[in-house]
Amino acid sequence: MAENVATSSPVLRPLRGLSGLHSLQFKASFLIVVLILMVSLGGMCLSLQAMRSALLESDAQRTTQWATSLAASQAAAVAAGDREALLKAAYASIQLHKAAYVIFSDRHGRVLASAEACLGLTGKAVTAPGENGRLDLSPLRITRVNHHAPAKMTYMETAVPVVLADPLPAPAAGPRKLVGYLRCATDISDTRARLNRIVNELIRIAVGLMLLVVPCSLLATRRVVSPLKQLARAAQALAKGALDARAPVRSVDEIGELARAFNHMADRVTATHYELLELNADLECRVAQRTRELEEQAARDPLTGLYNRRHFGEVITREFAAAERYGTDLTCLMFDVDRFKEINDRYGHRTGDHVLMALADALTSE
């Protein structure tokens, strides 16, 4: 009976399905992997962002310093409008310093000379084509990064003023004269390629970390969940009637405390079960005894204590059946009390009762 109750219990039925995606081990492992993945991705993103900022800042400083140096070296040519010298300096910068493009203009923004590493780079830097083109000075004194898709080139551009230094010594020098502008760009494709290599390396490290974390998390959660599974099996066994089922206590943490509490509960359940068995046995004995007493009272006459006619009918039927089955004789003795009605009429029914009781004592006495 206890086994049927345990099988049909809605509380214990889900315990048999604690496997797969619904198990605590899978949920804990999945949570650990997700947390580590989020932390790793966050760390990677922050590291890449910091590295990208550092590399771009280094490139920006290098581009600004180079542009300032080039503008100072070609200030005289810009002031004189020497297009040939400026063009030569621009091509030399592209060849020697890996510049993307170089554009010189006068102080009104008119283009004096320009050179580019590949076609199309200076298209956005000049507002009008030909000799009437004017230089776009929007990146003046700042740096910005652009990408030229046809050439697959990433470059950093800036614009600086070209000033003509006073030939007098520094103490007597007056204010410097603005003679033009220089807009140029440096090729930072190597920096971008370096960042891509770093990203790929970090991805490989993250994949390796995940391959290491997944089995470690499974082992760790299995070690934590295993006592809970043993506790669940002990609860199932106890519900099916195995009163000696107990959970092993192997730790002093919360799971160990839970196992000790379960064992204490199982001890109480076992003790209560045996107490109920004893009470049930005692009750059954009392019920059986009372039943026999009631059957005996129903079969005897309350006045004389002798068996009544109902009991006689049951006995005579059973004895007749036994005699017929075994082919034996059956003897039945009957007697009558003479003039008993006269005793009742003359001395009263109470005296008649005493007579019947005296007769019963005579029959039952040895």
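Residue positions are counted from 1 within each chain, in the order its sequence is given. Only residues with pLDDT of 70 or above have their local features reported here, since the model is predicted, and side-chain atom pairs are shown and tallied only from 80 upward, although totals for entire chains, interfaces and linings are computed over all residues. Hydrogens are left out, water is left out, and the side-chain values use all remaining heavy atoms of the structure.

A. Expanded view of the overall build of the chain. In this text, helices come from DSSP runs of H or I with a minimum length of four residues, and strands from runs of E with a minimum of two, each type numbered from the N-terminal end. A count of helices and strands for the chain gives nine helices and five strands. Helices and strands appear in the chain in the N-to-C order α-α-α-α-β-β-β-β-β-α-α-α-α-α. Per-residue accessibility, obtained with a 1.4 Å probe over protein chains only, is compared with the maximum for each type, and a residue is labelled buried under 20%, exposed over 50%, and partly exposed between these values. Scored against the burial criterion, the 366 residues of the chain give a buried share of 28%. Every residue pair with non-hydrogen atoms within 4.5 Å of one another is taken to be in contact. Long-range contacts, defined here as pairs at least 24 residues apart, represent 57% of the contacts in the chain between residues at least 6 apart.

B. Region of interest: the pattern of salt bridges. Any Lys or Arg side-chain nitrogen located within 4 Å of an Asp or Glu carboxyl oxygen qualifies as a salt bridge. Going through the model one piece at a time under the given rule, you end up with 12 salt bridges. One salt bridge in this structure joins Asp106 and Arg110, with 3.2 Å as the shortest N-O distance. A relative accessible area of 12% means that Asp106 is categorised as buried. You can call Arg110 partly exposed: its relative accessible area is 37%. Residue Glu201 is joined to Arg204 by a salt bridge in which the shortest nitrogen-to-oxygen separation is 2.5 Å. Of this pair, Glu201 and Arg204 are both found in helix α5 (residues 189-239), three residues apart, which corresponds to roughly one turn of the helix. Relative accessible area serves as the criterion here: at 38%, Glu201 is assigned to the partly exposed category. Here the residues in one salt-bridge network are Asp136, Arg144, Glu157 and Arg183, joined through shared partners.

C. The sheet that holds strand β1 (residues 99-106), seen in detail. Pairing is antiparallel across the open sheet formed by five strands, whose spatial order is β2-β1-β5-β4-β3. Looking at strand neighbours, the two that pair on one side only are β2 (111-116) and β3 (143-148), the edges of this open sheet. Adjacent strand axes in the sheet meet at a mean angle of 20°, parallel and antiparallel pairs treated alike. Strand pairing is assigned whenever DSSP detects at least two bridges linking the two strands. Pairing geometry for strand β4 (residues 153-164) and strand β5 (residues 177-187), over 10 bridges, is antiparallel. What sits directly across from Tyr155, in β5, is Asp187. This element, helix α4 (residues 83-96), spans β1 and β2 of the sheet and lies at about 25° to β2. The axes used here are C-alpha line fits, helices contributing only the stretch in contact, and every angle between their N-to-C directions lies in the interval 0 to 180 degrees.

D. Representation of the side chain of Gln230 within the structure. Here Gln230 lies in helix α5. Residue class for Gln230 comes out buried when judged on its relative accessible area of 17%. In this structure, Gln230 is in contact with Pro248 and Arg250, ignoring residues within four places of it in sequence.

E. Representation of unusual backbone geometry. Positive phi outside glycine occurs at Arg141, with the angle close to 65°. Relative to the helices and strands, Arg141 resides in the loop between β2 and β3. On the basis of relative accessible area, Arg141 is assigned to the exposed category, the value being 65%. Within the chain, Lys152 stands out as a residue other than glycine whose phi angle is a positive 50°. For Lys152, the location among the structural elements is in the loop between β3 and β4. Exposure remark for Lys152: the relative accessible area of 70% places this residue in the exposed category.

F. Spotlight on the packing of aromatic side chains. When the centres of two rings from Phe, Tyr and Trp lie within 6.5 Å, Trp using its six-membered ring, the rings pair. Their planes under 30 degrees apart give stacked, over 60 give edge-to-face, and anything left gives tilted. All chains considered together, the criterion is met by one aromatic pair. Seen from their ring centres, Tyr101 and Tyr155 are 6.1 Å apart, and the 75° between their planes marks the pair as edge-to-face. Of this pair, Tyr101 sits in strand β1 while Tyr155 is found in strand β4, placing the two residues 54 residues apart along the sequence. When sorted by exposure, Tyr101 lands in the same class as Tyr155, which is buried. Only lysine NZ and arginine CZ atoms are considered, and such an atom sits over a ring when it is within 6 Å of the ring centre and within 35 degrees of the ring normal. The ring of Tyr307 is capped by Arg300, whose NZ or CZ atom sits 3.9 Å from the centre of that ring.

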